[in-house]
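# Observations on the model geometry
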Amino acid sequence: MFTRLYLHIPFCRRKCPYCAFVSQESTAADLDGYAHTLLVEMGLAAHAFRAERPLESVYFGGGTPSLLDPRQIGRIVERTGDLFGLDREAEITLEANPGTVGLERLAAFRSAGVNRLSLGVQSFHDPLLKALGRIHSAAEAREAFQAARTAGFTNIGIDLIHALPGQTLPMWRSELEQALALGPEHISVYGLTVEEGTPFALRYGADSPRLPDEDLAVAMFEEADDILTAAGYEHYEIANYALPGRRSAHNSGYWRRDGYLGLGCGAHTFLRQGYGVRFGNPADLDAYADAVAQGHLPHGEGQRLTRQDAMAEFMFLGLRMADGIGESGFRQAFGIGLDETFGVALAKLTALGLLEAAGDRVRLTRRGMLLSNQVFAHFLP
Ligand code: SF4
C-alpha cells in the first residue's frame, strides 16, 4: 500500500504573504495538542492501512515543522517505527525555518532521529526576505546552516525562490553563489507563483510590472541550471538539484508513484491499490481534529484511479525527473508500450524540442522543463 510517510504541521510563527500552504499562526498549546492528535491519527491509520515493508522515508512538512518540540518529533518517529516499521536507512526529513532553530534544538532534532534537514532560506538578500515576510535574515539563515552542520547534519537542503519582485539576474546569480558557498547537499529552486487569495495576489496582480517578466524568469531558471550543474549538482527534477547520491528519496518517491500515507491537517495520501487511490485530509484544522477526536480517520472518500488516470500520472510525474520515464517501466505497469499509448503526443512534443529520447527512456529537454505544464497537458485523460 505505501512505503513512505508524510506528516503535515500546519503552523507557522507568522504567515508569509505569498504562502498558500495549509498553515496558520500558532501557540505552544496548539502545537502540543496537534502532536497528540497526529499520534492518535497514526494509530487509527495503522489499523486501516498496512505498509508494504518498513518505511523508506518520513517527511515532516508544513507549515513549519521545526516549531515542534524535538521531543514531540522523537515520539512521532518512535511511534512510526512501532506501528509501521522503519527501515534502518530511512531518510527522515524535517523542514526547518531558519528563524526557529539554534544549535541546541538542531542537535535535539538530530538525536530524535531526523537525518535530513530542508532549510527554507528562500533568499540571501535581506530586502527580499523582508518583502517575502520571512521571520529571519540572511545572516540567521547562514547561522542556522552552520549550526545544523555542527549538530551533525550531513544531509542539508536549501530552498531558494527566484522571480521575486525587483529581483535582477545579477541578484539571482549572487543568491546561487551564496548558496553554493555553504556547500549544501541539495538545492531546490522555485519560481515565485502569485497564488490566488494571498496578500501577494492583491499586491502583485496579473502582469504586475514589479515582478520579473517571463523572459527574465526563464533566464533565472537557466542561470540556476548553468551555475549549479557546473558546481557538480545533478539537475534531477525540474526544481531540484542534488550532489551525487543526495537526491531527496521521499520526493523522488512521489514522482515514481510510490505509495505514501499522509497524516495531519491537509495531508494527502496515495495508496498502491489497483491503479492507485488518492485521498486528502481536511485543510480545516477543527474539522481534522474533531474527526480524529471522535476516533475517525479524517479523510473523505478519495479517488480510485482508472488505468487511464494512472497512465497520465505515470507520464506527468515521471517526466518531472531528469531521468525521464522508461519504456520497460511503462510496459511493466500497464502491459502496453509507450508508443502504442502516447505515440502521437510523444512524436509531436519531440518535434517541438520539448522531449528527447535517451536510450529506451524519454525525458524533458531544458526547454521542456520550462514549458512542463504544456507538455503534461498532452497526457491528461
Ligand atoms: S514559513 Fe513557509 S509555510 Fe509558513 S507561512 Fe511562510 S512560506 Fe508558508
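Residues numbered from 1 in each chain as written. Predicted model: local features only at pLDDT ≥ 70, side-chain atom pairs only at ≥ 80, totals over all residues. Heavy atoms only, no water.

## Remarks on the overall build of the protein
As a reminder, the rule being used: To qualify as a helix, a DSSP run of H or I must reach at least 4 residues; to qualify as a strand, a run of E must reach at least 2; elements of each kind are numbered from the N terminus. A radius of gyration in this sense is built from C-alpha atoms; the matching globule rule multiplies 2.2 Å by the number of residues raised to 0.38. Per-residue accessibility, obtained with a 1.4 Å probe over protein chains only, is compared with the maximum for each type, and a residue is labelled buried under 20%, exposed over 50%, and partly exposed between these values. When checking whether two residues touch, look at their non-hydrogen atoms; a contact exists if any pair is within 4.5 Å. Only the protein chains shown count as covering a residue, and every accessible area follows the Shrake-Rupley method with a 1.4 Å probe. For the purpose of charge, His is not counted, nor are the chain termini; Lys and Arg are scored as positive and Asp and Glu as negative. Throughout, a charge is located at the NZ atom of Lys, the CZ atom of Arg, the CG atom of Asp or the CD atom of Glu.
Counting its secondary structure elements, the protein contains 15 helices and 17 strands. In terms of overall size, the protein behaves like a compact globule, its C-alpha atoms giving a radius of gyration of 21 Å where 381 residues would be expected to give roughly 21 Å. Over its C-alpha atoms, taken along the principal directions, the protein stretches across nearly 55 × 50 × 40 Å. Taken over 381 residues, the protein has a buried fraction of 52%. Expressed as a percentage of contacts within the protein between residues at least 6 apart in sequence, the contacts between residues at least 24 apart total 70%. Element-wise, carbon and sulfur atoms account for 50% of the exposed surface of the protein, whose accessible area totals about 16,700 Å². One way to put it: in the protein the 35 positive side-chain charges average out to a point 3 Å from where the 46 negative ones average out.

## A few points about empty space enclosed by the protein
Quick note on the threshold: Put simply, the grid is 1 Å and covers the protein atoms alone, a cavity is a trapped set of points that fit a 1.4 Å probe, a pocket is an open set with protein on both sides within 12 Å along at least five of seven lines, and lining residues have an atom within 4 Å of a point. Grid points are joined across faces, edges and corners, and a volume is the space filled by probe spheres set on the points. Three classes are used: nonpolar for Ala, Val, Leu, Ile, Met, Phe, Trp, Tyr, Cys and Pro, charged for Asp, Glu, Lys and Arg, and polar for all others, with Gly counted as polar.
Within the structure shown, the criterion is met by 1 cavity of 30 Å³ or more. Together, E41, A45, F49, L261, G262, L263, T269, F279, N281, L297, P298 and H299 line the largest cavity. Breaking the lining of the largest cavity down by element, the ones donating at least two residues are α1 (28–48) and β11 (260–263). Looking at the lining of the largest cavity residue by residue, the classes come out as 7 nonpolar, 4 polar and 1 charged.

## Notes on the pairing of strand β16 (residues 355–358)
Consecutive residues of a regular strand have side chains that alternate between opposite faces of the sheet. Let me state the cut-off plainly: Whether two strands pair comes down to DSSP finding at least two bridges between them.
Relative to strand β17 (residues 361–364), β16 is paired through 4 bridges, and the arrangement is antiparallel. Residue E356 lies in a different strand from β17, and its bridge partner there is R363.

## A few points about the side chain of D159
Topologically, D159 is positioned in strand β7 (residues 156–162). For D159, the residues in contact, after removing those within four places along its chain, are S118, L119, G120, V121, Q122, S188 and Y190.

## Examining the packing of helix α6 (residues 169–182) against helix α8 (residues 214–230)
The test is simple: Inter-axis angles, ranging from 0 to 180 degrees, are taken between N-to-C directions of lines fitted to C-alpha atoms, where helices are fitted over the stretch in contact. Roughly parallel here means an angle under 35 degrees, roughly antiparallel means over 145, roughly perpendicular means 65 to 115, and every remaining angle is called oblique. Two helices crossing with the near one rotated counterclockwise from the far one by less than a right angle form a left-handed crossing, whereas a clockwise rotation gives a right-handed crossing.
The N-to-C vectors of α6 and α8 enclose an angle of 30°; their axes lie 10 Å apart at closest approach. Classified by the angle their axes make, α6 and α8 are roughly parallel. In the packing of α6 onto α8, the handedness of the crossing is right-handed. Every residue of α8 that contacts α6 at L169, W172, R173, L176 and L180 is listed here: L216, A219, M220, E223, A224, I227 and L228. Along the lines of polarity and charge, the residues of the contact of α6 with α8 split into 10 nonpolar, no polar and 2 charged.

## Brief notes about the domain arrangement of the protein
In many reports, interface size means the accessible area that the parts give up when they come together. Heads up, the condition is: In this document the domain limits rely on a domain assignment from an automatic tool or a database. Buried area counts how much accessible surface, traced with a 1.4 Å probe, disappears from two parts once they are put together, with both parts' losses summed. Throughout this description, the term salt bridge denotes a Lys or Arg side-chain nitrogen within 4 Å of a carboxyl oxygen of Asp or Glu. Between N or O atoms, a polar contact is any pair within 3.5 Å; within protein, one atom must be a potential hydrogen donor and the other a potential acceptor, and residues adjacent in sequence are included only when both atoms are from side chains.
What the domain assignment reports for the protein is domain 1 (4–254) and domain 2 (306–381). Averaged C-alpha coordinates put domain 1 and domain 2 at centres separated by 28 Å. Each partner contributes residues to the interface: domain 1 has 12 residues there, and domain 2 has 11 residues. At the boundary of domain 1 with domain 2, total buried surface from both sides reaches about 1,000 Å², with 57% on carbon and sulfur atoms. On the domain 1 side of the interface with domain 2, the three residues burying the most area are F221, E237 and I238, jointly 45% of the side's total. Ionic pairing is found between R366 and D226, a salt bridge with its closest N-O pair at 2.9 Å. Between the two partners, domain 1 and domain 2, sit 6 residue pairs in polar contact (both at pLDDT 80 or more). For the side of domain 1 that touches domain 2, the secondary structure elements donating two or more residues are α8, β9 (234–237) and α9 (249–255). Looking at the side of domain 1 that touches domain 2, the element that brings in the most residues is α8, giving 5 residues.

## Topic: the nonpolar core
Rules: The term nonpolar core refers to a set of buried residues drawn from Ala, Val, Leu, Ile, Met, Phe, Trp, Tyr and Cys, joined through side-chain atoms within 4.5 Å.
Judged by nonpolar contacts, the single largest core of 67 residues is most densely connected at L7, F60, I73, L117, F153 and L160. The next biggest cluster of nonpolar side chains, apart from the first, holds 23 residues, and it includes M311, L319, A345 and L364.

## So, the layout of surface pockets
There is about 250 Å³ of room inside the second largest pocket. Along the walls of the second largest pocket sit 13 residues, with R256, F314, M321, I325 and R361 positioned nearest its centre. Where the lining of the second largest pocket is concerned, the elements lending two or more residues are α11 (307–318), β15 (325–326) and α12 (327–334). Class assignment of the residues belonging to the lining of the second largest pocket gives a composition of 4 nonpolar, 5 polar and 4 charged.

## Here's the deal with the state of the cysteines
As a reminder of what qualifies: In this description, the term disulfide denotes a pair of cysteine sulfurs within 2.5 Å.
Summed over all chains, the structure comprises 0 disulfides. C265 carries a free sulfur, and the closest cysteine sulfur to it, the one in C12, is 12 Å from it.

## So, helix α13 (residues 338–351)
Quick note on the threshold: Helix span is expected to be 1.5 Å times the residue number reduced by one. Take the seven residues that end at a residue and the seven that start at it, fit an axis to each, and the angle between those axes is the bend at that residue.
The end-to-end C-alpha separation of α13 is 17 Å, well short of the 20 Å expected for 14 residues at 1.5 Å each. For α13, the principal kink sits at V344 and spans about 55°. When α13 is considered as a whole, its buried residues turn out to be L338, F342, G343, A345, L346 and L349. Next to the buried residues of α13 lie α11, β15, α12, β16, β17 and α15 (372–377). Of the residues trailing α13, G353 is marked for its positive phi of about 80°.

## A short note on the sheet that holds β15
A sheet is described by the order of its strands in space; here 3 strands give the open sequence β15-β17-β16, paired in antiparallel fashion. The open sheet has two edge strands with one neighbour each: β15 and β16. Sheet strands in contact with α13 are β15, β16 and β17, and its direction is about 120° off that of β16.

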